[in-house]
Amino acid sequence: MDVMTHSSSFLLPSIPTDNGPSPSYALIVLNQRLPRFTPLLWTKAQLRICADGGANRVFDELPQLFPHEDVLDIRNRYKPDVIKGDMDSVRQEVIDFYTNLGTKIIDESYDQDSTDLCKCVAYIRDSTPNLEKSNLCILVAGALGGRFDHEIGNINVLCRFSTMRIVLLTDDCLILLLPSTHRHEILIQSSVEGPHCGLIPIGMPSERTTTTGLKWNLSDTGMRFGGLISTSNIVIEERITVQSDSDLLWTISIKTP
Ligand SMILES: Nc1ncnc2c1ncn2[C@@H]1O[C@H](COP(=O)(O)OP(=O)(O)OP(=O)(O)O)[C@@H](O)[C@H]1O
Ligand SMILES: Cc1ncc(C[n+]2csc(CCO)c2C)c(N)n1
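Definitions and limits used
Residues numbered from 1 in each chain as written. Chains lettered and ligands numbered in written order. Predicted model: local features only at pLDDT ≥ 70, side-chain atom pairs only at ≥ 80, totals over all residues. Heavy atoms only, no water. Near = heavy atom within 4 Å. Polar contact = N/O pair within 3.5 Å; in protein donor to acceptor, adjacent residues only side chain to side chain. Areas by Shrake-Rupley, 256 points an atom, 1.4 Å probe, with all protein chains shown as cover. Helix = DSSP H or I, 4+ residues; strand = E, 2+ residues; numbered from the N terminus. Nonpolar A, V, L, I, M, F, W, Y, C, P; charged D, E, K, R; others polar. Domains from an automatic or database assignment. Contact = heavy atoms within 4.5 Å. UniProt positions renumbered as here; feature names shortened; annotations may be inferred. Pairing = 2+ DSSP bridges. Axes fitted to C-alpha atoms, helices over the stretch in contact; angles between N-to-C directions.

Undergrad: Looking at this model, I keep getting lost on the site of ligand 1. Mind explaining?
TA: In the vicinity of ligand 1 there are 18 residues, among which Asn31, Asp88, Ser89, Arg147 and Asn154 approach most closely. The side chain of Ser89 places a nitrogen or oxygen atom 2.8 Å from an oxygen atom of ligand 1. About the coverage of ligand 1: the protein hides 81% of its 620 Å² of free accessible area. Taken together, the elements giving at least two residues each to the shell around ligand 1 come down to α5 (116-127) and α7 (148-160). Here the residues of the shell around ligand 1 are counted per class, giving four nonpolar, nine polar and five charged.

See below:
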């Protein structure tokens, strides 16, 4: 079974010094208060997409993160490549502004069965050549800490696109999926994340999960909703390993500066 390596090096202000090949990033901005590190993710991403009302957040809130700079300068500098969704939240003035800058607008208001985040991930999947897909990591800003139906819908996107690397982010924590098809190695960036973490079975119980590097490790242990799930765990090593017979969510706290 192959090993999949995970690292939150996208949260580091400088280029990481670990030697592994660095992934390429796409950023999706949702319609939630922008995490403070959004400009950093924006700079690291090669493709920037706003999910419907996420474009209002870039237009309204990104300039607030640069209080000493000219609002228009910031809006011109942080231009989304694409705005996609059912377009019931993005304001017309925001569409007009970014259309003039050359942003691609994709109106899928006919589809009321999939979320705007789902539509954006599908866009990235369909526009990325196969060769680049395995090296691509999608960062989703503003995915948690709001309406519970939206939060669960966002987590469902991890399961729906389980072969893609997707990280849901807020100021406080991140969540990603550890598919059961791989063994996992998580390299902890202790300057920006941890120590609180969790491992949660999603969709079905896990009969057997084994971990190293945690304060409360699992050793061929079962986890299920209604029984044991691993919340309020603590990372104690810089390298965590996880192997499970079921897909798990990995979550870790993000440090406040
Ligand atoms: N409160 C929230 N918490 C978490 N994610 C959110 C929240 N609000 C929006 N999102 C995310 O941002 C995306 C775009 O938001 P937007 O408000 O444009 O969606 P929407 O389809 O108009 O939602 P709805 O009609 O259900 O209010 C959503 O698909 C969702 O992924
Ligand atoms: C069973 C079921 N429940 C809810 C919705 C509504 N819905 C789900 S995603 C979406 C688009 C949001 O941008 C909407 C309106 C549905 N279609 N089917």
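From this point, the narrative continues.
Undergrad: Would you mind going over the domain arrangement of the chain with me for this structure?
TA: For an interface, size is often stated in terms of accessible area lost upon the parts coming together. Once the domains are mapped, the chain shows domain 1 (23-171) and domain 2 (172-257). Computed over C-alpha atoms, the centres of domain 1 and domain 2 are 26 Å apart. Counting from both sides, the interface comprises 13 residues of domain 1 and, opposite them, 13 residues of domain 2. Put simply, domain 1 and domain 2 have four residue pairs in polar contact (both at pLDDT 80 or more) between them. Taken together, the elements giving at least two residues each to the side of domain 1 that touches domain 2 come down to α7 and β7 (165-169).

Undergrad: What is the right way to read the UniProt feature "domain: Thiamin pyrophosphokinase thiamin-binding" (unreviewed entry) in the chain from this model?
TA: Taking the UniProt record as the reference, the feature "domain: Thiamin pyrophosphokinase thiamin-binding" (unreviewed entry) is found at residues 182-248. Here residues 182-248 runs as 0% helix and 54% strand, with 11 Å between its end C-alpha atoms.

Undergrad: Please clarify how the sheet that holds strand β8 (residues 173-178) should be interpreted in this entry.
TA: Strand pairing within a sheet occurs via backbone hydrogen bonds; the two strands may be parallel or antiparallel. Here we have ten strands laid out as an open sheet, ordered β5-β4-β3-β2-β6-β7-β8-β15-β10-β13, and mixed in their pairing. The two strands at the open ends of the sheet, each matched to only one other strand, are β5 (104-107) and β13 (230-234). Each strand of the sheet is rotated relative to its neighbour by a mean of 20 degrees, with strand direction disregarded. Looking at chain direction, β8 and strand β15 (residues 248-254) are connected through six bridges and run antiparallel. The residue bridging Leu178 from the neighbouring strand is Leu248, located in β15.

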